[in-house]
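# Secondary and tertiary structure notes
In case you want the letters, here they are:
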Amino acid sequence: MALRVIRQIVPSGAAALRAAHISQKAGVHTSSARSLQYGWLTYVMGERTTPRLTSTSKKSSHRGWKPGLRERSSWPPSWLTHWGCCNMPEADNNYMDRMTGEKEPLPVDYNGMCSLEKFYTDPKAADGNSYRLQLWMYTMRLLQYADAIEHMLATGQGVILERSPFSDFVFLDAMLQQGYIRKECVQHYNEIKHISLCEFLPPHVSIYIDVPAEEVEKKLKQSDKSYLHNVPLSYLKSIEDGYKTTFLPKIIETSELLAYDANQALDFERVAEDIEYLKCEKEPWVKQDDVTYHHMRMLAGDKHAVAALTHIPLFLPEITIGAHDYDEKYYAYKSLPGKKYAAGYNADVGDKLIWLK
């Protein structure tokens, strides 16, 4: 499978957090002087999660932005500072490169073998690019969500995300409605979602900012990326309908939900006040204890295990490559500078004293 290459390049534990430039505050395993990964021994030695969780920790949230809007929220940094939150930019198809600390994005062969530009210019491409892109983006959002969970449980600092794997399916449904993907792709996606999303707790708070599809279309036409100028309005409307008819009714069962239009969302004081009044007492977070948090931290810190949740033994032409092609791409990746051995053991990129490590 094309996405199985992810097993070779996903960093794990504290290394992934450092590469993503996430500030860390507490815990032996997150010390600036050490890079020890949280594990069973840490737990046995007395490391516990619940003492560091505060009201800010419980306000870990993700924002449901409208389809196609790639812009960051206009909420000011002072608002995030007020809440003491860590703000993670939206995961894109190069999120893996940031996790591994790449100076420049790697070729698409090592980033899901898919192209966002090709999706917008030729969404019905016969090579299956559309579904590969959707599955890759789900994987990236799942990895980022694991980063967010790991950071929150390790430091007690709340995290704000733009989109999450819990809302990802609205794009898949829109693709099916527009005829971009086959029903078999949806079945494959739903099976992966069923075995992976259940391993993580939902956001405490979901903030949905409602911008009509027509307004999104206007903003896309003003983008400096020409491939966004002709995104079909019908596709944007399908995503809008997916948010309102499927995602919002479902997420409100497990998360606190705040919804605003574009103008209301700019009233930062109102948003902050609304969040302040939230109790965040919905299941399943209220049922967690140090034991369940421990197991969650173990999984979230093991990015290989998280990525493996998106792999199932099922043949699907859109995401399957032959053994020879796989070998060719694998060895081509290993021939890149600094990729032949584990990080810190590659003389070709200047690693020193390798024989002493």
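What counts, and where the lines are drawn
Residues numbered from 1 in each chain as written. Predicted model: local features only at pLDDT ≥ 70, side-chain atom pairs only at ≥ 80, totals over all residues. Heavy atoms only, no water. Helix = DSSP H or I, 4+ residues; strand = E, 2+ residues; numbered from the N terminus. Expected span 1.5 Å × (residues − 1). Buried < 20%, exposed > 50% of the residue type's maximum accessible area, 1.4 Å probe, protein only. Contact = heavy atoms within 4.5 Å. Axes fitted to C-alpha atoms, helices over the stretch in contact; angles between N-to-C directions. Parallel < 35°, antiparallel > 145°, perpendicular 65-115°, else oblique. Left-handed = near helix turned anticlockwise from the far one by under 90°. Nonpolar A, V, L, I, M, F, W, Y, C, P; charged D, E, K, R; others polar. Core = buried A, V, L, I, M, F, W, Y, C linked by side-chain atoms within 4.5 Å. Pairing = 2+ DSSP bridges. Phe/Tyr/Trp six-rings, centres within 6.5 Å; stacked < 30°, edge-to-face > 60°. Lys NZ or Arg CZ within 6 Å of the ring centre and 35° of its normal.

As a further point, take helix α7 (residues 129-155). Across its 27 residues, α7 extends 38 Å between first and last C-alpha, which sits within 8% of the 39 Å expected from 1.5 Å per residue. Most of α7 is tucked away: 27 of the 27 residues are buried. G156, located one to two residues past α7, shows a positive phi value of around 85°.

In this section: the environment of I239. Along the polypeptide, I239 turns up in helix α11 (residues 233-251). Residue I239 is classed as buried on the basis of its relative accessible area, which comes to 0%.

Okay, unusual backbone geometry next. In the Ramachandran plot, R163 falls in the positive-phi region, its phi being about 70° despite a non-glycine side chain. Secondary-structure assignment places R163 in the loop between β3 (159-162) and α8 (169-177). Among the residues examined, R163 registers a relative accessible area of 1% and is labelled buried.

Mapped onto the secondary structure, A174 falls in helix α8. Here A174 falls in the buried class, since its relative accessible area comes to 0%. Sequence spacing of A174 and E240 is 66 residues, and the spatial spacing of their C-alpha atoms is 9.0 Å. Discounting residues that sit within four places of it in the chain, A174 has contacts with Y235, S238 and I239.

Relative to the helices and strands, M88 is located in strand β2 (residues 86-88). Sequence separation between M88 and E162 is 74 residues; the distance between their C-alpha atoms is 7.3 Å.

It is worth spelling out the packing of α8 against α11 at this point. The geometry of α8 relative to α11 is characterised by a closest axis approach of 8 Å and an angle of 130° between their N-to-C directions. With respect to α11, the axis of α8 lies oblique. The interaxial crossing formed by α8 with α11 has right-handed handedness. Together, F169, V170, F171, A174, M175 and Q177 of α8 and Y235, S238, I239, G242, Y243, T246 and F247 of α11 make up the contact between the two elements. Broken down by class, the residue content of the contact of α8 with α11 amounts to nine nonpolar, four polar and no charged.

Now for the nonpolar core. Core analysis: the biggest nonpolar cluster contains 79 residues, and Y131, L143, I149, I181, F200 and Y235 have the highest contact counts within it. Top contributing element to this core by residue count: α7, with 15 residues.

With that settled, the discussion passes to the pairing of strand β5 (residues 256-261). Only one face of β5 is covered, namely the face carrying E256, L258 and Y260; the face carrying L257, A259 and D261 is uncovered. Across six bridges, strand β4 (residues 205-210) lies against β5 in parallel orientation. In the strand pairing of β5, I207 is matched with L258.

This part covers the packing of aromatic side chains. Applying the stated rule across the entire model yields 15 aromatic pairs. With 5.8 Å between their ring centres and 65° between their planes, F119 and Y235 make a pair best called edge-to-face. Of this pair, F119 sits in helix α6 (residues 116-121) while Y235 is found in helix α11, placing the two residues 116 residues apart along the sequence. Residue classification places Y235 among the buried positions, given a relative accessible area of 4%. Of the aromatic side chains, those joined through ring pairs into one cluster are F119, Y120, Y180, Y227 and Y235. The positively charged end of R48 is found above the aromatic ring belonging to Y43, 3.9 Å away from the centroid. The aromatic ring of Y38 is capped on one face by R297, whose charged end is 3.9 Å from the ring centroid.

Without other data, these values stay purely geometric and don't point to any function.
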